[in-house]
Each structure stands twice: as structure tokens, then as C-alpha cells.
Amino acid sequence: MNDGRRTGREYESRVPKYLAIYQVLADRITTGRYPADTPLPAQRELADEFAVSLMTVRQAIQALEADGLLETRHGVGTFVRQPAFAYDLTGLRSLSQDLVEQGIELETEVLDARVVVPPEDVSTRLGVGAGGRALAVERLRSTRSVPLLLQTSYLPEAIGARIDPADLCGRSLYRLLEDMGQPVREASETIRAVALTAAQARALKREPGSPALLSIRLSRSEDGTPLVDDRALLVGDTVITAERAATGTNFAYEHH
């Protein structure tokens, strides 16, 4: 019985079999039948479905990898790659705002929210003093239930006391601060490569030790008062690019 799904056998015989299979698998990826970060069916299973050799299936998979639709994780298997996004480092939008404006359907889960004595470097950056307290909010950002980044935001206690963490599931922190009369007017950010710890990898559904980028951003008000210290881990292969011109430099990073 025909269930309406296309197979490689439905393409013209003059089209190389691996290209026909490539198109079918690409369609399944882009339509969400094969969701991001899920394993591709076994090569033997695909070979049986399309009635071709394993070599032909491997050719199709190699082409999909070359086009950025699949990735091979050594010792684990072949997975659908996560969607790409770019982030303008020169703007003052939050990470979530930047992703949403690119058409990415972003889901936010607040994993934890509590008042803590922050790490020493965070206390210094926020200016809360030794032993001072801050609201720490940990959020997991995903698209189609595939984790993209793990973010911990520290706010001075006086500011954090005015925020309901539940509101952060549907609104960006920058928007909440603006509504409170504390808009972000400047920020400094550094980005460096790190390896995920076991706990971070578990939250992001990656292997411990997997590469990631750590973005550390201190956002301030118009008079320079620290408002929030953000630590965001971005998973996957991320490339930082820059567009240079006489009028300035525009940086962006892309996540694949």
C-alpha cells in the first residue's frame, strides 16, 4: 500500500540513484520528518528501503554531510545537524531576540531561579561586593525541542527581586528590564571555546567534552550601572565571521 511517501525509485532512471536518495532524505530533514539532532536510520535500513547498495547510500550521506544537513559523530553515528543561526555581535539585542528575528521558533525553559552568592568574578563584574547576593536564572533555549544554548544570568538582588522568573519563558530578559525602566544601553562581551562538563552536556543532550562556545556578556544601563551578567553556552560547530568596511566592522557568528 502506498502511504504517500516518496522514495528514490520514483525519480527518473537517468538521475543517479544516490542523488535521488539525497533528495528524498533532504526533503525528510527540511520538513521535520527527521528532526534536528536525531540519528539517521541505519545505512542497511536505508539500503533496503531504496533497494540499493550500501555504497550508494553512503554516497548520498556524504553529499548530505557536504551540504551541512548531516554530521557524523565518531563512535555514535550519523545525525541530522541543528539549524544554523547568525548573531550580530555589534547590536544590543539579546540572544533570544536575535534568534526569533531570524525566524527561529525558540522555546525557553527556566531550569532554576534562586538568590545566590555568585562566583567571585561575577560579584566583581556586577559590583555587588564580597558576600553580596544576586538572582541566578538558568535557562535552556531550544528549537523544535533541540537544545541550542544553556544560559545563566546573574542580576543584582535589588533588580532580580523585581523579576518573576516565570515571565522569562515567553519574554526576553532585555524586554523585562526595559519594562522595569532599566533598559540596556551598552554591553561588553567575550567569546571563547570550551568543552562541556558532564552536567552541561546532559542539559544540552551532547557528549561530555563536546566543543562549545562560551559567551560572557555584561549588560549595563545608560549610566554604566551593571544590570545582568550572562553566561551562555552555544553547542555545535560555530564560526565567527566579520564584515569589514571603512565605516566599521560587523561581527557575527553562525551555528551549524
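Remember, predicted model here, so these are calculated numbers, not experimental data.

What follows covers the pairing of strand S9 (residues 226-235). Buried residues dominate S9, accounting for ten of its ten residues. As defined by bridge partners, strand S8 (residues 211-220) adjoins S9 across nine bridges and the pair is classed as antiparallel. From the neighbouring strand, isoleucine 216 faces S9, where its bridge partner is arginine 231. The loop that links S8 with its antiparallel partner S9 comprises five residues; one of these, glycine 224, has a positive phi angle of about 90°.

Next up on the list: the sheet that holds strand S5 (residues 134-143). Ordered in space as S4-S5-S6-S9-S8-S7, the six strands form an open sheet in which the pairing is antiparallel. Both outer strands of the open sheet, strand S4 (107-116) and strand S7 (186-195), are each paired with one neighbouring strand and no more. Each adjacent strand pair in this sheet contributes to an overall mean axis angle of 15°, direction not counted. Bridge analysis of S5 against strand S6 (residues 146-156) gives ten bridges, and the strand direction is antiparallel. In the sheet register, alanine 134 faces S6, and the bridge partner there is proline 156.

With that settled, consider unusual backbone geometry. The residue aspartate 37 is not glycine, and still its phi comes out positive at about 70°. Counting through the fold element by element, aspartate 37 comes out in the loop between helix H1 (17-30) and helix H2 (43-50). Exposure remark for aspartate 37: the relative accessible area of 13% places this residue in the buried category.

Both the distance between ring centres and the angle between the ring planes are used here to describe each pair of aromatic rings. Evaluation of the coordinates by the stated rule reveals zero aromatic pairs. It is arginine 73 that lies over the ring of phenylalanine 79; its NZ or CZ is 4.2 Å from the centre.

Turning next to the environment of isoleucine 163. Structurally, isoleucine 163 is set in the loop between helix H6 (157-160) and helix H7 (173-179). When its relative accessible area of 10% is taken as the criterion, isoleucine 163 is described as buried. Between the C-alpha atom of isoleucine 163 and that of leucine 176, which follows or precedes it by 13 residues, the distance is 7.7 Å. The residues touching isoleucine 163, leaving out its near neighbours within four places in the chain, are Leu155, Leu173, Leu176, Leu177 and Met180.

Helix length check: H1 (14 residues) gives 20 Å between terminal C-alpha atoms against 20 Å at 1.5 Å per residue, within 8%. Taken together, the buried residues of H1 touch H2, helix H3 (54-66), strand S1 (70-73) and strand S2 (77-80). Where H1 terminates, the next one or two residues include glycine 32, which has phi positive at roughly 90°.

With that settled, consider the side chain of aspartate 230. Relative to the helices and strands, aspartate 230 resides in strand S9. It turns out aspartate 230 is buried and unbridged, and the closest side chain with the opposite charge, arginine 139, is 4.1 Å from it. Within polar-contact distance, the side chain of aspartate 230 engages the side chain of glutamine 151 at 3.2 Å. With sequence-adjacent residues up to four places away left out, aspartate 230 is seen in contact with Arg139, Gln151, Thr152, Ser153, Ser215, Ile216 and Arg217.

A separate point is the nonpolar core. Grouped together as the largest cluster of nonpolar side chains are 19 residues, with contacts concentrated most on Leu25, Tyr34, Leu46, Phe50 and Leu70. Of all elements in the fold, only H1, H2 and H3 reach the threshold of two or more residues within this core. No other element matches H1, which puts six residues into this core. Not counting residues within four places of it along the chain, the set of residues in contact with leucine 70 comprises Ile29, Leu40, Ile61, Leu64, Glu65, Thr78, Phe79, Val80 and Arg81. Residues Leu155, Ile163, Leu176 and Leu177 belong to the second largest nonpolar core, which totals 14 residues.

The rules behind these values
- Residues numbered from 1 in each chain as written.
- Predicted model: local features only at pLDDT ≥ 70, side-chain atom pairs only at ≥ 80, totals over all residues.
- Heavy atoms only, no water.
- Buried < 20%, exposed > 50% of the residue type's maximum accessible area, 1.4 Å probe, protein only.
- Helix = DSSP H or I, 4+ residues; strand = E, 2+ residues; numbered from the N terminus.
- Pairing = 2+ DSSP bridges.
- Axes fitted to C-alpha atoms, helices over the stretch in contact; angles between N-to-C directions.
- Phe/Tyr/Trp six-rings, centres within 6.5 Å; stacked < 30°, edge-to-face > 60°.
- Lys NZ or Arg CZ within 6 Å of the ring centre and 35° of its normal.
- Contact = heavy atoms within 4.5 Å.
- Expected span 1.5 Å × (residues − 1).
- Lys, Arg positive; Asp, Glu negative; His and termini not counted.
- Salt bridge = Lys/Arg side-chain N within 4 Å of Asp/Glu carboxyl O.
- Polar contact = N/O pair within 3.5 Å; in protein donor to acceptor, adjacent residues only side chain to side chain.
- Core = buried A, V, L, I, M, F, W, Y, C linked by side-chain atoms within 4.5 Å.

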